[in-house]
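Fold and contact review
The lines below spell out each chain.
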Amino acid sequence: MLDLQQHWPKASNPLPIVIFGAGSIVRDAHLPAYAQAGYTVQGIFDPDLEKARDLASAHGFSCYETMEEAVSQQGVLFDLATPPDAHIDILRHLPIGAAALIQKPMGSDLEGATEILRICEDRGLTAAVNFQLRFAPMMLALQDAVQRGLLGEVVDFDAWLALDTPWGLWKFLEPLPRVELSLHSIHYLDFVRALLGEPRGIHAKSIGHPDSKIAQTRTAAILDYGDRVRCALSINHNHAYGRRHQACEFRICGTKGAAFVQLGVNLDYPKGEPDILELKIGDEPWEAIKLDGAWFPEAFASRMSQLQRFATGEDDHLIGSVADAWNTMALVEAAYKSSAAKATPIERLP
């Protein structure tokens with residue numbers, strides 16, 4: 001049985017956490033993850049004070065009445081679980097040199113991401129973006145296997161998603177001009193960057209569906225890594241024909257082995273199914289890796305642990321910093337530009 005890393009080591013002397021935002025992602029992922037890791041939430045702020053007070057009362061931490069009160073806290077780590085258009089104002093008011101975790105995406109577009117990067121640099125913030133898929137147990141284990149050379153040189157990456165995503169759970173998405181790539185597949189693009197490095201370019205098409213009010217729900221993309229690596233993503237959130245042929249899978253092939261990953265949370269969302277990681281190494285049979293946890297909420301705990309350890313001097317490198325995350329935003333921006341561009345015309349008989 002392979003012994004692969006599945007969790008980031010917890011911080012020895014973590015900073016108390018101040019959260020901005022009291023939505024479902026905080027209730028269902030951030031708070032359970034931080035409790036599991038033993039991290040203290042000091043307080044929370046949300047413009048919807050009733051929602052913030054309810055969470056604070058249920059979990060025994062403070063509710064700040066104003067943003068000014070929240071940002072005035074000293075010796076804490078700020079967790080921005082807020083919409084992308086709210087990040088900039090909060091970051092501008094954080095204490096100089098503070099540590100912060102910023103909910104993905106890093107702004108609504110690349111222009112917003114660039115402004116966020118500038119603010120973080122100007123204020124000396126130790127800031128990372130919450131692209132937490134990199135930190136899911138299955139993905140940490142996969143990255144560990146790749147870094148050990150167990151698969152050899154990775155030459156093929158396939159993401160195949162055929163889902164019936166319940167978009168009605170997020171009514172606020174309906175008026176947005178950018179959805180699928182910016183808010184969903186951005187996780188996969190970020191993980192591809194973590195695994196394969198920076199692509200040379202991207203070919204992409206992202207479109208809606210006649211039965212959906214969401215701007216985009218289907219994406220096809222090819223990332224250009226030259227002549228040795230093929231990387232393709234096929235994503236369909238409108239496969240509403242029952243569970244039998246639905247899928248949320250990655251297939252990663254190397255010169256010495258291969259990996260299969262199932263991202264279970266997206267199947268029968270929000271209930272979800274188990275995550276799966278299987279490895280085929282050399283002539284050995286496929287091995288199912290026993291996973292200790294899932295994307296939700298364990299990835300949120302490991303993401304916070306890595307930032308905490310960097311902020312307090314235990315880790316010497318910050319994974320997913322705002323500078324690194326800017327490159328994921330640039331990849332998303334390039335995908336939208338590619339989607340809007342005309343395809344290569346096909347010659348026709350006269």
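Residues numbered from 1 in each chain as written. Predicted model: local features only at pLDDT ≥ 70, side-chain atom pairs only at ≥ 80, totals over all residues. Heavy atoms only, no water.

What about the pattern of salt bridges?
Operational definition: We count a salt bridge whenever a side-chain nitrogen from Lys or Arg sits within 4 Å of a carboxyl oxygen from Asp or Glu. Burial classes follow relative accessibility: with a 1.4 Å probe on protein chains only, a residue under 20% of its type's maximum area counts as buried, one over 50% as exposed, and anything between as partly exposed. In this text, helices come from DSSP runs of H or I with a minimum length of four residues, and strands from runs of E with a minimum of two, each type numbered from the N-terminal end.
In this structure the tally under the stated criterion is 20 salt bridges. Residue Arg 27 is joined to Asp 28 by a salt bridge in which the shortest nitrogen-to-oxygen separation is 3.3 Å. Under the relative-accessibility criterion, Asp 28 is labelled partly exposed at 47%. Arg 178 serves as the salt-bridge partner of Glu 333, at 2.9 Å between the closest nitrogen and oxygen. Here Glu 333, found in helix H9 (residues 322-340), pairs with Arg 178, found in the loop between strand S7 (154-162) and helix H7 (180-196); they are 155 residues apart in sequence, far enough to count as distant. Since its relative accessible area comes to 14%, Glu 333 is described here as buried. Of the residues examined, Arg 178 reaches a relative accessible area of 24% and is grouped as partly exposed.

Focus on H7
Three- or four-residue spacings in an α-helix give side chains the same orientation, since the helix completes a turn every 3.6 residues. Defined as follows: Given a residue, its bend is the angle between the two axes fitted to the seven residues that end at it and to the seven that start from it.
At Ile 186, H7 shows its maximal bend, which comes to roughly 60 degrees. For H7, a buried count of 15 out of 17 residues is recorded, marking the element as mostly surrounded by other parts of the structure. Of the residues one or two after H7, Gly 197 is the one with positive phi, at around 90 degrees.

Thoughts on the side chain of Asp 190
Tracing the backbone through its elements, the reader meets Asp 190 in helix H7. With relative accessibility at 1%, the residue Asp 190 sits in the buried group.

Some words on the packing of aromatic side chains
The condition that has to hold: Within 6.5 Å between ring centres, the rings of Phe, Tyr and Trp (the latter by its six-membered ring) count as paired, and their orientation is classed by plane angle as stacked under 30 degrees, edge-to-face over 60, tilted in between.
Scanning the model with the defined rule gives ten aromatic pairs in all. On the numbers, 6.1 Å between centres and 40 degrees between planes, the contact of Phe 20 with Phe 78 is tilted. Of the two residues, Phe 20 sits in strand S1 (residues 17-20) while Phe 78 sits in strand S4 (residues 77-80), which places them 58 residues apart along the sequence. Ring-pair connections join several aromatic residues into one group, and the members of that group are Phe 157, Tyr 188, Phe 191 and Phe 250.

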